[in-house]
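Overview (structure and organization)
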Amino acid sequence: AYGLFFAFAAGLALFAWTDEEEASGEGFVLLDAEPDALTRITYTWPKGELELSFEGAGEARRPVAKLEHERPAEKPEVERDAGPDAGLADEPATEVASPRETSRFPAGSVVSRSVDKLAPLRARRSLGVPDTERLEAMGLASPERRLVVEAGGEKVVLDVGVETYGNQGRYA
């Protein structure tokens with residue numbers, strides 16, 4: 001469970017919303033808020049969801065993670081080979097369903113620093129209004145991932161596509 005969370009945190013840090021280039025004025029603001037104004041960040045992917053909320057105020061303010069995801073499927077039991085004269089099995093082995101698991105835990109300092117970089121929420125550039133073919137190439141025609149950032153009564157919802165060229169982030 002923690003591995004998925006830390007993978008998300010690393011992805012969040014590299015997600016390409018803010019960096020020193022944006023601080024110099026490049027890019028544009030999607031959500032103009034200070035880090036202390038963030039109230040909830042939710043990242044959804046096909047097999048789970050991570051929600052960060054915040055507890056405390058000032059220096060005591062810390063993100064708390066709620067992670068809901070599918071546990072890896074258990075491998076189906078396979079009968080041992082009974083030899084060449086055993087014949088075929090009556091029924092094929094069936095895969096056991098992946099149960100969902102929910103855990104809640106305090107997020108660490110890496111997550112806190114990454115979250116601070118989301119405010120104000122910036123985009124590096126606009127791709128304009130892409131045609132259907134381009135949306136499909138970016139994984140945005142039917143996105144399987146979504147990032148929702150809430151701050152100061154405002155909410156920004158970003159559909160998240162495939163990794164960009166050079167794996168520098170994801171299209172959104």
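It should be emphasised that the depicted structure is a prediction, and the values quoted were computed from it without experimental measurement.

**Concerning the overall build of the chain**
Looking only at helices and strands, one finds four helices and eight strands in the chain. Along the chain, helices and strands appear, N-terminal first, in the series α-α-β-β-β-β-β-α-β-α-β-β. Residue burial in the chain is summarised as follows: out of 172 residues, 29% are buried. Put simply, the chain shows about 11,600 Å² of open surface, and 48% of that area lies on carbon and sulfur atoms.

**A few points about the sheet that holds strand β7 (residues 145–151)**
Across the sheet, which stays open at both edges, the six strands sit in the order β5-β4-β3-β2-β7-β8 with antiparallel pairing between neighbours. Two strands bound the open sheet, and with one partner strand each, they are β5 (100–106) and β8 (154–160). For this sheet, the mean angle separating the axes of adjacent strands, direction not counted, is 10°. As paired strands, β7 and β8 are joined by seven bridges and run antiparallel to one another. Residue E150 lies in a different strand from β8, and its bridge partner there is K155.

**Looking at unusual backbone geometry**
In this chain, A119 is followed by P120 through a cis amide linkage whose omega measures -5°. Locating P120 in the fold gives a position in the loop between α3 (109–116) and β6 (121–123).

**Some remarks on the nonpolar core**
L38 and I41 are the most contacted members of the largest nonpolar core, which totals 24 residues. Among the elements that make up this core, the one with the highest residue count is strand β2 (residues 38–45) (four residues). Discounting residues that sit within four places of it in the chain, I41 has contacts with L50, E51, L52, F54, V115, L118, L147, V148 and V149.

**Focus: the pairing of β2**
One ladder, built from six bridges, connects β2 with β7; its direction is antiparallel. Bridge pairing in β7 places L38 opposite A151. Adjacent in sequence and paired antiparallel, β2 and strand β3 (residues 48–55) are bridged by two residues.

**Let's talk about α3**
The complete set of buried residues in α3 reads V111, S112, S114 and V115. Burial along α3 is one-sided: seen end-on, the buried residues are contained in an arc of 165°.

**Here we look at a negative patch on the surface**
Residues D32, E34, D36, E59, D116 and E154 make up a contiguous surface patch of negative charge. Looking at where E154 falls in the secondary structure, it is placed in strand β8. Classification of E154 by relative accessible area gives partly exposed; the value is 47%.

**Examining the environment of T42**
Among the secondary structure elements, T42 is positioned in strand β2. Through-space distance from the C-alpha of T42 to that of S53 is 8.7 Å; in sequence the pair is eleven residues apart. Setting aside residues up to four positions removed in sequence, T42 forms contacts with E49, L50, E51, R146, L147 and V148.

**Concerning the confidence of the model for the chain**
With 71% of its residues at a pLDDT of at least 70, the chain reaches an overall mean of 79. Counting contacts from residues 13–24, a segment whose pLDDT is below 50, to residues more than four positions away or on other chains yields 27 contacts.

Calculation criteria
- Residues numbered from 1 in each chain as written.
- Predicted model: local features only at pLDDT ≥ 70, side-chain atom pairs only at ≥ 80, totals over all residues.
- Heavy atoms only, no water.
- Helix = DSSP H or I, 4+ residues; strand = E, 2+ residues; numbered from the N terminus.
- Buried < 20%, exposed > 50% of the residue type's maximum accessible area, 1.4 Å probe, protein only.
- Areas by Shrake-Rupley, 256 points an atom, 1.4 Å probe, with all protein chains shown as cover.
- Pairing = 2+ DSSP bridges.
- Axes fitted to C-alpha atoms, helices over the stretch in contact; angles between N-to-C directions.
- Core = buried A, V, L, I, M, F, W, Y, C linked by side-chain atoms within 4.5 Å.
- Contact = heavy atoms within 4.5 Å.
- Arc of directions from axis to C-beta.
- Patch = residues over 30% accessible without salt bridge, like charges linked within 9 Å, V, L, I, M, F, W, Y side chains within 5 Å.
- Salt bridge = Lys/Arg side-chain N within 4 Å of Asp/Glu carboxyl O.
- Lys, Arg positive; Asp, Glu negative; His and termini not counted.
- Charge placed at Lys NZ, Arg CZ, Asp CG, Glu CD.
- pLDDT = per-residue confidence, 0-100.

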